[in-house]
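Listed below, chain by chain, are the residues.
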Amino acid sequence: MLAITGANGHLGTRMLKEQDRGAVRALVRSRHAAEQVSSAAGSDAAVRVVDYRDADGLAAALEGCTGVVHLVGILKETAASRYADAHERSCAALADAAARAGVGRIVYLSILGAAPDAANACLASRAAAEQILREGPVPVTVIRVPMVLGEGDYASRALCARARRPWNLVLRPSSLEQPLYAGDVVAALRFAVGRIGASELFELAGPESLPRSELIRRAAAALGRRTRVVPLPLGVGLAGAALLERLSANPPVTRAMLGVLDHDDCIDPSPGARALEVALTPLDETLRRCVAEAST
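Bear in mind the structure is a predicted one, so any value in this text is a computation, not a measurement. (Residues numbered from 1 in each chain as written. Predicted model: local features only at pLDDT ≥ 70, side-chain atom pairs only at ≥ 80, totals over all residues. Heavy atoms only, no water.)

1. Notes on the overall build of the protein
Moving on, step 1. Scanning the protein for helices and strands turns up twelve helices and 13 strands.
Moving on, step 2. What you see for the protein is a C-alpha radius of gyration of 19 Å, in line with the 19 Å of a compact globule of 296 residues.
Moving on, step 3. Reported as C-alpha extents along the three principal axes, the dimensions of the protein are approximately 55 × 40 × 35 Å.
Moving on, step 4. Long-range contacts, defined here as pairs at least 24 residues apart, represent 74% of the contacts in the protein between residues at least 6 apart.
Moving on, step 5. With the model as given, the accessible surface of the protein reaches about 13100 Å², and the carbon-plus-sulfur share is 52%. (Helix = DSSP H or I, 4+ residues; strand = E, 2+ residues; numbered from the N terminus. Rg over C-alpha atoms; globule rule 2.2 N^0.38 Å. Contact = heavy atoms within 4.5 Å. Areas by Shrake-Rupley, 256 points an atom, 1.4 Å probe, with all protein chains shown as cover.)

This is the structure in structure tokens:
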């Protein structure tokens, strides 16, 4: 039995649809999320509502599971949703619970740029969460990924919206993106659950790293369109985010969020792809499947 935390997200529901019904258990944090899972993956999906910070509740929910895919994480911190709760505390509880439930392996989806000494609060928190799991009693496979594009997900819809405009204001258009197809992520996660041995960390990304401006133009080309990119200094965005943070407990964008989105993603994806036995989907094919699909 495989457990998936954060199963109501795009990757979680995609995994649920691809797994045998009797071989997967969805863990979510609210009844509303449970309803989302049942609607997306089928009413017969096995769903448990848990507090990811509650080791006892997690241990009970993981009973009988041999592996866990941990998809819990946030990009934007608010007064009601803190990085420490979503990342470090959830991973500490999971490490404890998985050991008690006899889970054989944890697979944790993290993000490129995570580092203990990162100035960005989100990236530092992600690295701390990775370390908690790697020092825990259950072997873990950490997989760091960049922007993920999948059919019908938020990132694809947002990129499609940009691609359809005749011109776009873009913060630091030279920022490097290395989009990864959601189907490749799911394949890596499923393979990683079956790995044996000590804890490990892999970085996985799409086969092309390119400036954000070029990604928008390539997305537009997938729609048979052209678009013009108008540069906007990153400082303008950061100043606007700082103002929003002062005015709202739940701002639409924060400085830490912009910092993650601005991270330059440029890695050699071959080692991770080989180890996880993933055949990376070419960027133009990813855009055809995701951005073009989002426009219909």
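2. Overview of unusual backbone geometry
Moving on, step 1. Here Arg172, not a glycine, exhibits a phi torsion of approximately 35°, which is positive.
Moving on, step 2. The phi angle at Glu277 is positive, at roughly 55°, despite the residue not being glycine.
Moving on, step 3. Within the secondary structure, Glu277 is located in the loop between helix H11 (270-275) and helix H12 (283-294).

3. Details of the packing of helix H6 (residues 154-164) against H12
Moving on, step 1. Their axes nearest at 8 Å, the elements H6 and H12 cross at an angle of 70°. Classified by the angle between their axes, H6 and H12 sit roughly perpendicular to one another. Crossing of H6 over H12 shows right-handed handedness. Contacts from Ser156, Arg157, Leu159 and Cys160 in H6 reach Leu287, Cys290, Val291 and Ala294 in H12.
Moving on, step 2. Its residues assigned to classes, the contact of H6 with H12 comprises six nonpolar, one polar and one charged. (Axes fitted to C-alpha atoms, helices over the stretch in contact; angles between N-to-C directions. Parallel < 35°, antiparallel > 145°, perpendicular 65-115°, else oblique. Left-handed = near helix turned anticlockwise from the far one by under 90°. Nonpolar A, V, L, I, M, F, W, Y, C, P; charged D, E, K, R; others polar.)

4. Let's talk about the pattern of salt bridges
Moving on, step 1. Per the stated rule, a full pass over the model turns up 22 salt bridges.
Moving on, step 2. Here Arg14 makes a salt bridge to Glu18, at a shortest N to O gap of 3.8 Å. Taken together, the residues span about one helical turn, with Arg14 and Glu18 both in helix H1 (residues 10-18) at a distance of four residues.
Moving on, step 3. Arg14 is the partner of Glu151 in a salt bridge, and the nearest nitrogen-oxygen pair spans 2.8 Å. One end of the pair, Glu151, is in the loop between strand E7 (148-149) and H6; the other, Arg14, is in helix H1, with 137 residues separating them in the sequence. (Salt bridge = Lys/Arg side-chain N within 4 Å of Asp/Glu carboxyl O.)

5. Observations concerning helix H7 (residues 182-193)
Moving on, step 1. Helix length check: H7, at twelve residues, gives a terminal C-alpha distance of 17 Å against a target of 16 Å (1.5 Å per residue), a fit within 8%.
Moving on, step 2. Buried within H7 we find Ala182, Gly183, Asp184, Val185, Val186, Ala188, Leu189 and Ala192.
Moving on, step 3. Buried-residue contacts for H7 involve H1, strand E4 (67-70), strand E5 (105-111), strand E6 (140-145), E7 and strand E10 (180-181). (Expected span 1.5 Å × (residues − 1). Buried < 20%, exposed > 50% of the residue type's maximum accessible area, 1.4 Å probe, protein only.)

6. Focus on the packing of helix H8 (residues 212-222) against H12
Moving on, step 1. Look at H8 against H12: their axes get within 9 Å of each other, and the N-to-C directions meet at 65°. Our pair here, H8 against H12, has a crossing hand that is right-handed. Between H8, through Leu215, Arg218, Ala219 and Ala222, and H12, the contact on the second element is made entirely by Leu283, Asp284, Leu287, Val291 and Ala292.

7. Focus: the nonpolar core
Moving on, step 1. Ranked by size, the top nonpolar core spans 59 residues in total, and within it Leu62, Ile143 and Leu189 carry the most contacts.
Moving on, step 2. Considering each element in turn, this core owes the most residues, seven residues, to helix H4 (residues 83-101).
Moving on, step 3. When residues no more than four places from it in sequence are discounted, the contact partners of Leu189 are Met15, Val69, Leu71, Val107, Leu109 and Ile143.
Moving on, step 4. Within the second largest apolar cluster, 18 residues are counted, among which are Leu149, Leu159, Leu283 and Leu287. (Core = buried A, V, L, I, M, F, W, Y, C linked by side-chain atoms within 4.5 Å.)

8. Some thoughts on the environment of Ala256
Moving on, step 1. Mapped onto the elements, Ala256 comes out in helix H10 (residues 255-261).
Moving on, step 2. The sequence separation of Ala256 and Ala222 amounts to 34 residues, and the corresponding C-alpha distance is 31 Å.
Moving on, step 3. Excluding anything up to four places from it in sequence, Ala256 contacts Tyr83 and Asn120.

9. Some words on the sheet that holds strand E2 (residues 24-28)
Moving on, step 1. Strand order in the open sheet formed by seven strands is E3-E2-E1-E4-E5-E6-E11, and the pairing between neighbours is parallel. Two strands bound the open sheet, and with one partner strand each, they are strand E3 (46-49) and strand E11 (200-203). Across the sheet, the axes of successive neighbouring strands diverge by a mean angle of 20°, strand direction being ignored.
Moving on, step 2. Both strand E1 (residues 2-5) and E4 contribute to a ladder of four bridges, which runs parallel. Bridging from a neighbouring strand, Leu2 pairs with Gly67 of E4.
Moving on, step 3. Helix H5 (residues 121-134) contacts E5, E6 and E11 of the sheet and is inclined by roughly 165° relative to E5. (Pairing = 2+ DSSP bridges.)

10. Quick look at the state of the cysteines
Moving on, step 1. Across all of its chains, the model carries zero disulfides by this definition.
Moving on, step 2. This cysteine, Cys160, is not joined by any disulfide, and Cys290 carries the nearest cysteine sulfur, 11 Å off.
Moving on, step 3. Using a relative accessible area of 4% as the deciding quantity, one classes Cys160 as buried. (Disulfide = S-S within 2.5 Å.)

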